Amino acid sequence: MSATTINFGQLPALQLRAPDGAEATITLYGAHLVSWKAVTTAGGPAQERLFMSSLSALDGQKAIRGGVPVIFPQFAERGTGLRHGFARVSTWRVLDQGEADGAAFAVLGLSASDLPQQVAAAWPYAFELQLRVAVRGAQLDMSLDVRNTGTQTFPFAAALHTYHLVEDVEAVRIDGVQADTLAITDKLDQVFERIAGAITFDTGADKVTLEQTGFNDAVVWNPGAADAAALSDMEDEEYRRFVCIEPALLGDAAARPQQLEPGGIWRGTYRAVVQAG
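Turning next to the pattern of salt bridges. Applying the stated criterion to the full structure yields nine salt bridges. Asp233 is paired through a salt bridge with Arg65; the nearest N and O atoms lie 3.2 Å apart. Here Arg65 lies in the loop between β5 (47-48) and β6 (70-71) and Asp233 lies in the loop between α2 (224-230) and β20 (242-249), a separation of 168 residues in the sequence. Looking at Asp233, the relative accessible area reads 8%, which means it is buried. The class of Arg65 is buried, set by a relative accessible area of 16%. With a shortest N-O distance of 3.0 Å, Asp114 and Arg93 are connected by a salt bridge. Separated by 21 residues along the polypeptide, Asp114 in the loop between β8 (103-111) and α1 (117-122) and Arg93 in strand β7 (residues 93-100) bring together distant segments of the chain.

Structure representation (structure tokens):
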């Protein structure tokens with residue numbers, strides 16, 4: 001079977017397995033991709049590509065640290081609502097799952113009616129989200145659809161906050177976000193606007209190509225030693241094991257959020273491909 005129901009920690013989850021052995025695990029809490037195992041050589045073993053903190057909560061009481069959190073409708077503190085929004089701490093529904101074109105996939109949904117009353121009251125708009133995750137071989141595909149099902153235009157931001165697993169963050173090199181190659185030598189939290197093409201990510205051990213549409217921006221983040229030590233859900237040295245390179249839709253140059261009219265649909269797509277080495 002391409003999809004199996006499991007528990008990840010204390011969280012119900014779907015485990016996807018493609019015919020070629022590629023795997024993914026998605027918790028219903030947050031529609032959170034917590035594992036992506038890519039197959040880079042035919043017949044070879046699937047290898048984990050996402051970082052998960054060893055101290056992350058996995059009980060549905062707080063956001064998961066690692067994997068791919070879904071950010072909506074607010075990015076960070078750019079607004080008056082929950083930091084990074086409510087999508088990553090809400091329980092989603094499974095809408096579809098199966099196999100197509102050699103890939104295992106799942107589609108999860110979240111709407112206003114799924115939210116606790118206090119959360120819905122704080123962001124009083126009618127909406128539907130759909131997240132599709134598909135894996136095969138060395139490729140991960142994700143898409144996020146935002147639908148305005150109400151009568152009011154609403155503002156939103158969105159991102160897929162991907163924690164890429166690396167051996168040593170100081171070996172990481174990133175091309176495609178600025179004119180020159182980006183290296184991470186200390187704490188970094190930077191928005192790169194208007195991404196025009198693919199991002200090439202050298203982990204120090206191999207290379208990953210990242211492509212995005214709909215998401216106009218990219219955010220690169222690593223907390224560095226001092227900030228990591230202040231995080232209760234991360235071991236002090238774990239910051240060395242990841243870099244976040246996240247496709248994002250953060251609004252215009254004045255940080256004003258995207259507006260979606262009644263009946264409107266916005267879609268963002270994201271593809272990560274590990275280059276066979």
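Next, the rest of the story.
The sheet built from five strands is open, its strands ordered β1-β2-β3-β4-β5 with antiparallel pairing. The outermost strands of the open sheet, each flanked by one partner alone, are β1 (3-8) and β5. The pairing of strand β4 (residues 32-38) with β5 spans two bridges and is antiparallel. Residue pairing in the sheet places Lys37 in a bridge with Glu48 of β5.

We now examine the nonpolar core. Within the largest apolar cluster, 65 residues are counted, with the highest numbers of intra-cluster contacts made by Leu33, Trp92, Ile174 and Val243. The element contributing the most residues to this core is strand β9 (residues 127-136), with five residues. Aside from chain neighbours lying at most four places away, what touches Ile174 is Asp180, Thr181, Leu182, Ile184, Ile199, Thr200, Phe201, Val220, Val243 and Ile245. Core analysis: the next-biggest nonpolar cluster, separate from the first, contains eight residues, Tyr163, Ala228, Tyr239 and Cys244 among them.

Reading the values: rules and limits
- Residues numbered from 1 in each chain as written.
- Predicted model: local features only at pLDDT ≥ 70, side-chain atom pairs only at ≥ 80, totals over all residues.
- Heavy atoms only, no water.
- Salt bridge = Lys/Arg side-chain N within 4 Å of Asp/Glu carboxyl O.
- Helix = DSSP H or I, 4+ residues; strand = E, 2+ residues; numbered from the N terminus.
- Buried < 20%, exposed > 50% of the residue type's maximum accessible area, 1.4 Å probe, protein only.
- Pairing = 2+ DSSP bridges.
- Core = buried A, V, L, I, M, F, W, Y, C linked by side-chain atoms within 4.5 Å.
- Contact = heavy atoms within 4.5 Å.

None of the figures reported here should be taken as evidence of function without further support.
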